[in-house]
Amino acid sequence: MNRKSILRTAIVIMVGVFLVAFFNAPVQAKKAKKKEIIKNTDSKLRLDWFAAHQELAKNSPFKNQEWSHIGPTNVSGRCTDIAAVRPKGENYTIYVATASGGVWKTVNEGTTWEPIFEHEATASIGDMALAPSNQDIIWVGSGEANIFRSSQHGAGIYKSIDAGKTWQHMGLAGTLTIGRIVVHPTNPDIVYVAAGGHEWTDNKERGLFKTTDGGKTWVNILYIDEKTGAFDLAMDPDDTETLYATAWSRIRPKWNDPRVMPGYMQSGVYKTTDGGVSWKPINNGLPEAKFRGRIGLDICLSQPNVLYALVDNYEVARELTAEEKADSYTRNLKAIIKGATVYRSNDKGESWTQVSGLSEKLLQYMMRHSGTFGWVFGQIRVDPNDPETVYIMGVPLSVSNDGGKTFKRLSGMHGDHHGMWIDPDNSNYIINVNDGGIVISYDKGKTWRQFSNNLPVCQFFNVSFDLDTPFRVYGSMQDHGSFRGVITRRGSGFAAVEWERAPGGEGSTHAIDPRNPELVYSAGFYGHITRADLSKLSQEQSKNIFPPEEKGLEYLRGQWLAPIILSPHHPDTVYLGLQYLYRSRFQGDVWERISPNMSYNIKEELGDIPYQTIFTISESPQNANLIYCGTDDGKVHITKDGGKSWKEIMKGLPYRKWVSRIAASRYAQSTVYMTQNGKRDDDFAPYIWKSTDFGETWQSIAGNIKLGPVNVIVEDPINRNILYVGTDVGVYVTKDGGKKWDVLGSNLPTAYVQDLVIHPKENVIVIATHGRGMWALDAKAVNGGPRVRRRY
């Protein structure tokens, strides 16, 4: 071989080696694509999806089936604002805005109430206002601004020109939370809206908006940044061009409360004297920006030079003692802040002076006023006729008669206060709203008239049932604790009845022994489980059965609604989901940890709110060793050997999306259903999945459901092809395994359906809604099963 041939051969070999290396090393050379969490559904797309939901409801073959409200009739729920028609004495009409149950109206001072805002894209209300020049014009700002753990998304602002008979959506759909609306006193087309923006993510549609054409167009007249929204707003009664607004920088991470944090330090007070064309900050005398949280604001109508501000003040008052390291919700805290602090201005906001908490005793009262969650409150009212009388809202409702120097608690009502209206013509007449509903005082707060029995807007988290006859359902309600009620048939439906207390707290899941309806398990705050024998409760037969801490193991953490289930194979076997899965074969007396940490367990996402925990558990009805778990940070696991070994099964699923329910099929051992919920990503897509190979692959069965989030999926106990899902707008059913879905029932309002069960003996569907109580429907019309005609 000559030199030229040798050279040619060498070149061919080198090229061949290069090509082999190139085509055999793409995995090493290619940069892995970064996984991203799906966030922030487009607001127009969301409204389109809701319109599709309405169309499905209109054409549903089940539109003649009617849900029955079953109670409770003796408990109300969280309300956020009030509007009253003036003058009182000539008018008895009051409107009340609820956190997640729409808007209600009374024309007889609360003797009866009717829902007037219940079929829109949201049932969560942040604020509302009547036009002073025409009180038939009502503005409703949707999206609770308190951003509590159970707050729900809004969908913009709505307007009625006929006292609530009809409504028109007027825009601002992407704001999601609205804290205050102010309508011009003589021109009802001029409206100001303070929008807080998204709760869980940053977004640009936030700040202070203004319309001059009755809502046809809006201009953002006070925009700071995508992390900062507007919360409160007050107009000078003598000069309608002068307004005061508060800005609030906040976000709610899944693992922390929405307090002051790096990057979110733009909270403050602003003033305009030209109707919003220009603004200036007026924070002289207030805490530094890095210590300013939510700020409430009010102006004295009779002396408009006097303003008050209620600041959630993050200045540290003192360090915690060892006994104070955990609050009532067992969260780990680091220090005690000053919290609720009242400031006063006598010169239209040019300067502020702290007036509350100026002695150690007075400071202690104010520090406790908002508990450890001041972002939930932030409302302050000054008597329109007396600048020295001031009311502040927190865990209690408190009043000062000396210009904010001292406060005393007003009693006789539920706690956790969110709104107040004082009659400008008569300061003795006060309406207050709180977590227990609405109350009215005719004597300046000395006594209160309550409406817990005729305003059914309680907020359930879940529902469980027993196998007694008649059977009872259990549920936990926001700020009320746990209750149970008897399912009572009445005609072709069910009766609304009073409920009684049940074991557990406001954030509890329940499991009832199928052999003994008096044996109830309940997991309270963050998974702290107890077992109670209700037949012996008079002897205090309730036992704490939380698993003991293991040496060398990280602090046990559970979700607010930590799951507990009883094995369908043997009810003495109990499962509890924390960051680990625990199992007891002895009714909770002895526990074994049967899994590793099931979450991503990212250190930076371990905050003062338990996160990265198990949220849903399912043991196969066909095989006791087949168990599924889903977490709040989007992990899904399976074990086929009773917990000896586990496998992740997340191929094709959206990254880190909250697993709201997982359900092993009762009909096929390899089949499992799952839903995921995007609420905490401001994601409104429906995630509904089915696997027929133990989770190795997942197929979307969302079908023609356009709008989520989805909270629960349940398999019918009679027909294997029938499935039910509960979403944030209602209930859907499919009779063909998920190819086509129909809205179930025509009379259910827009409701946050948090949970759904079907009683196996009675063939009754029961749903728990967060804002409208519980409802029931005979399942016979769906599954063709027997309708049990019992006389209860």
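Everything that follows concerns the structure shown earlier in this document.
Conventions we followed
- Residues numbered from 1 in each chain as written.
- Predicted model: local features only at pLDDT ≥ 70, side-chain atom pairs only at ≥ 80, totals over all residues.
- Heavy atoms only, no water.
- Helix = DSSP H or I, 4+ residues; strand = E, 2+ residues; numbered from the N terminus.
- Rg over C-alpha atoms; globule rule 2.2 N^0.38 Å.
- Buried < 20%, exposed > 50% of the residue type's maximum accessible area, 1.4 Å probe, protein only.
- Contact = heavy atoms within 4.5 Å.
- Salt bridge = Lys/Arg side-chain N within 4 Å of Asp/Glu carboxyl O.
- Pairing = 2+ DSSP bridges.
- Axes fitted to C-alpha atoms, helices over the stretch in contact; angles between N-to-C directions.

Points about the overall build of the chain
- Secondary structure summary: the chain contains five helices and 58 strands in total.
- A compact globule built from 792 residues should have a C-alpha radius of gyration of about 28 Å, and the chain, at 28 Å, falls within 12% of that.
- Each of the three principal axes of the chain carries a C-alpha extent, and together these read 100 × 95 × 60 Å.
- Per-residue burial for the chain yields a buried fraction of 61% across its 792 residues.
- Pairs at least 24 residues apart make up 56% of the contacts formed inside the chain by residues separated by at least 6 positions.

Overview of the pattern of salt bridges
- Taken as a whole and assessed by the stated rule, the structure comprises 39 salt bridges.
- Here Lys-44 ties to Asp-48 by a salt bridge, and the two come within 3.1 Å at their closest N and O atoms. With Lys-44 and Asp-48 both in helix H3 (residues 43-59) and four residues apart, this pair spans about one turn of that helix.
- Overall, Asp-48 belongs to the partly exposed group, its relative accessible area being 39%.
- Where Arg-489 meets Asp-778, a salt bridge forms, and the shortest distance between an N and an O atom there is 3.1 Å.

Looking at the sheet that holds strand S58 (residues 774-778)
- Taken in spatial order, the four strands line up as S1-S58-S57-S56 in an open sheet, and their pairing is antiparallel. Taken across any chain shown, the strands that pair with only one partner, and hence form the sheet edges, are strand S1 (68-71) and strand S56 (753-758). Ignoring which end each strand starts from, the neighbouring axes of this sheet average 30° apart.
- Bridging between S56 and strand S57 (residues 764-769) involves five bridges; their strand directions are antiparallel. When the sheet's bridge partners are listed, Ile-758 is paired in S57 with Ile-765.

Regarding the pairing of strand S54 (residues 731-734)
- Of the two faces of S54, the one lined by Val-731 and Val-733 and the one lined by Tyr-732 and Thr-734 are each fully buried.
- Pairing between strand S53 (residues 723-727) and S54: four bridges, direction antiparallel. Following the sheet pairing, Leu-723 is matched in S54 by Thr-734.
- Turn length for the S53-S54 hairpin, with the two strands adjacent in sequence and antiparallel, is three residues.
- For S54 and strand S55 (residues 741-743), the ladder comprises three bridges, and the chain directions are antiparallel. The residue bridging Val-733 from the neighbouring strand is Asp-742, located in S55.

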